[in-house]
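Spelled out, the chains give:
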Amino acid sequence: MADPIVTVSELLAPAFAAVGGPGVDPVVRPSDRADAQANGALAIAKQLGQNPRQVAEAVLAIARDLLVGVCSDIEIAGPGFLNLTFTNEFLASQLAAAANDSHLGVRSTPLVEHIVVDYSHPNVAKEMHVGHLRTTVIGDAIVRMLTFVGHRVTKENHIGDWGTPFGMLIEHMLDLGETEAASELSVGDLAGFYKAARVKFEAGEAFGDRARQRVVLLQGGDAETLRLWGVLVAESTRYFNTVYATLGVLLTDADLAPESMYNPMLPDVVTRLRDVGLLRESDGAQVVFPAGYLNREGEPLPLIVQNSVGGYNYATTDLACVIDRVERLKVDRMVYVVGAPQAQHLAMVFAVSEMAGWLAPGVAVHVAFGNVLGADRKMLKSRSGESLKLNELLNEALERAEAAVVDKNPDLPAAERTAVAHAIGIGAVKYADLSTDRIKDYVFEWDRMLSFDGNTAPYLQYAHARICSIFRRAEVDRASVRNSVPVLATPQERALALRLLAFDTAVWDTIDRYSPHRLCTYLFDLAQDFTGFYEHCPVLKAADEATKQSRLALCDVTARVMEKGLDLLGISAPERM
Ligand code: ARG
């Protein structure tokens, strides 16, 4: 039921093993020359010091029998490639199987892991920036995909809710009055709130003293201070939740794993590092030197876990967090969806955790991403140059999408229009983010991301809606066509079938590299193959009933793969738009 490329690779494995030894990879890939190409003979030839074409011939002599009914044609090409052409019957039967599979042919994981995905993690009483938008959107897509293939996923929203700024923030809240402060924060004026506190902190000594005393009270566990702190946290989370609701991400309050949660464990982190002999003193601070990390002068680079006055920091919290994930949650993998600038911090945290014996190599993964840029290719800012409020950005997306929908389909009833505009607007923002290689920066361009042409969410959503409309016009129940085995008579039908069957590989490539843009590219190719099919192959006006049924079946699977693929990216697919 998997991708035919995978099936053929499994079928060919014994032939390659017979010639090259056990475990040899047939290396099967899609190809322009045929449906697929197996390149495994090259490596064998190199290893055995033989002529690759002869190796390919030896493989082929065994493989022919293995591929009866699967390949209509196997040819040796170039320096020893096997060019494979699938039989139409094989493709059609695989497609019929995928159509009847709730996972549309996507393989489940052979080994179920418990995986933590650490994402979104904004900071309390600070505006979420576009970096937080990126981690939220990318992390959510990764969670959806890992869950889809059968892993057990724990989402952790490691919000920044602890540290010295809370002294000044609490004092500022007291100056404003709790109610006033709460309303400022819950509507999302986090940036204004933080800035005002900072200005006072820098201006007046009296305020600075109060702030510093407040930090001491907070760390000492003073009840009233903790209550005030709790108000800041609650109001900020309320704001984060409004952003999450608009975005349609999976995060809920149950996923909060805030920095403060690790607070009671911090002394233990230092003790344990001392016990395993890793703790050193450097300039009065307690540090660990992870092997292989040097500063610009070529000196060992320390990870500071306790400063000279006994305070713990971001790194200490992250070490506690690793211990918690390994020892309490017993995870097999932890995925950190965090911007590229924190690469060194995370690498050092992982290295120290490994040296301390808390973490096995390869268990922690940093899924890094680049910046969002404005048209001027500088960091994206609001028009007035202020930090960008995410809610405002998302509202603008909704407004623009609504205008686009009115323009495209003026007859859509008003209630449906709002829902469709939401799907398009939010889908466009998410897709623009997900469709570029995450490690690269990208330019935020409204017109491009909302366009109904090109590699955009609206284009893919439109392809899906168009298929839904075919079924509406045909007055055919979608499920009724799922039992017919499609006939792949034309090149366009064949190309579409091959693409549909590659959904499996597309999802797995995306998961293996934590790279959502791979799935995006796949869906874009699918939409284009569908367009090619639809232009050449009449569906409702097909020459005979059997052809019509077969083409409707192709339409149905295409729509479902598109819908599922978008869903894995966290994007919805309206039936009309
Ligand atoms: N709150 C941090 C920030 O806004 C990100 C936290 C990332 N997660 C972690 N375990 N360090 O930069």
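The structure reproduced in this document is the subject of the present report. (Residues numbered from 1 in each chain as written. Predicted model: local features only at pLDDT ≥ 70, side-chain atom pairs only at ≥ 80, totals over all residues. Heavy atoms only, no water.)

**Focus on the overall build of the protein**
Check the secondary structure of the protein and you find 21 helices and 13 strands. When the backbone C-alpha atoms are referred to their principal axes, the protein occupies close to 85 × 65 × 40 Å. Each of the 577 residues in the protein was classed as buried or not, and the buried ones make up 53%. Within the protein, contacts between residues at least 6 apart in sequence are counted, and of these 73% link residues at least 24 apart. (Helix = DSSP H or I, 4+ residues; strand = E, 2+ residues; numbered from the N terminus. Buried < 20%, exposed > 50% of the residue type's maximum accessible area, 1.4 Å probe, protein only. Contact = heavy atoms within 4.5 Å.)

**Considerations on the sheet that holds strand E8 (residues 285-288)**
Spatially, the three strands line up as an open sheet ordered E7-E8-E9, and their pairing is antiparallel. The open sheet terminates on both sides in strands that have one partner only, identified here as strand E7 (280-282) and strand E9 (303-306). On average, each strand axis in the sheet is tilted by 50° relative to the strand beside it, whichever way the strands run. Relative to E9, E8 runs antiparallel, the two being bridged by three bridges. From the neighbouring strand, Gln286 faces E9, where its bridge partner is Gln306. (Pairing = 2+ DSSP bridges. Axes fitted to C-alpha atoms, helices over the stretch in contact; angles between N-to-C directions.)

**Some words on the pattern of salt bridges**
Applying the stated rule across the entire model yields 34 salt bridges. A salt bridge links Arg107 to Asp504; the shortest N-O distance between them is 2.9 Å. In this pair, Arg107 sits in the loop between helix H4 (88-99) and strand E5 (114-118) while Asp504 sits in helix H19 (residues 503-513), placing the two residues 397 residues apart along the sequence. On the accessibility criterion, Arg107 (32% relative accessible area) is partly exposed. The exposure class assigned to Asp504 is buried, which follows from its relative accessible area of 1%. Measuring nitrogen to oxygen at the nearest pair gives 3.4 Å for the salt bridge that ties Arg212 to Asp209. Remark: Asp209 and Arg212 occur in helix H9 (residues 205-219); sequence separation between them is three residues, near one turn of the helix. It is possible to trace a salt-bridge network through shared partners that takes in Glu171, Asp175, Lys200, Arg210 and Arg214. (Salt bridge = Lys/Arg side-chain N within 4 Å of Asp/Glu carboxyl O.)

**A closer look at the site of the ligand**
The ligand sits among Asp118, His121, Asn123, His132, His158, Tyr314, Asp318, Tyr336, Val338 and Gln342. Between Asp318 and the ligand, the recorded distance is 2.8 Å, taken from a side-chain N or O atom to a nitrogen atom. In the shell around the ligand, the residues fall into three nonpolar, five polar and two charged. (Near = heavy atom within 4 Å. Polar contact = N/O pair within 3.5 Å; in protein donor to acceptor, adjacent residues only side chain to side chain. Nonpolar A, V, L, I, M, F, W, Y, C, P; charged D, E, K, R; others polar.)

**Description of unusual backbone geometry**
Its identity as a non-glycine residue notwithstanding, His121 has a phi of 25°, on the positive side. Within the fold, His121 resides in the loop between E5 and helix H5 (130-148). Under the relative-accessibility criterion, His121 is labelled buried at 12%. Here the phi dihedral of Ala125 falls at roughly 60°; this positive angle occurs in a residue that is not glycine. Within the secondary structure, Ala125 is located in the loop between E5 and H5. Judged by its relative accessible area of 0%, Ala125 falls in the buried class.

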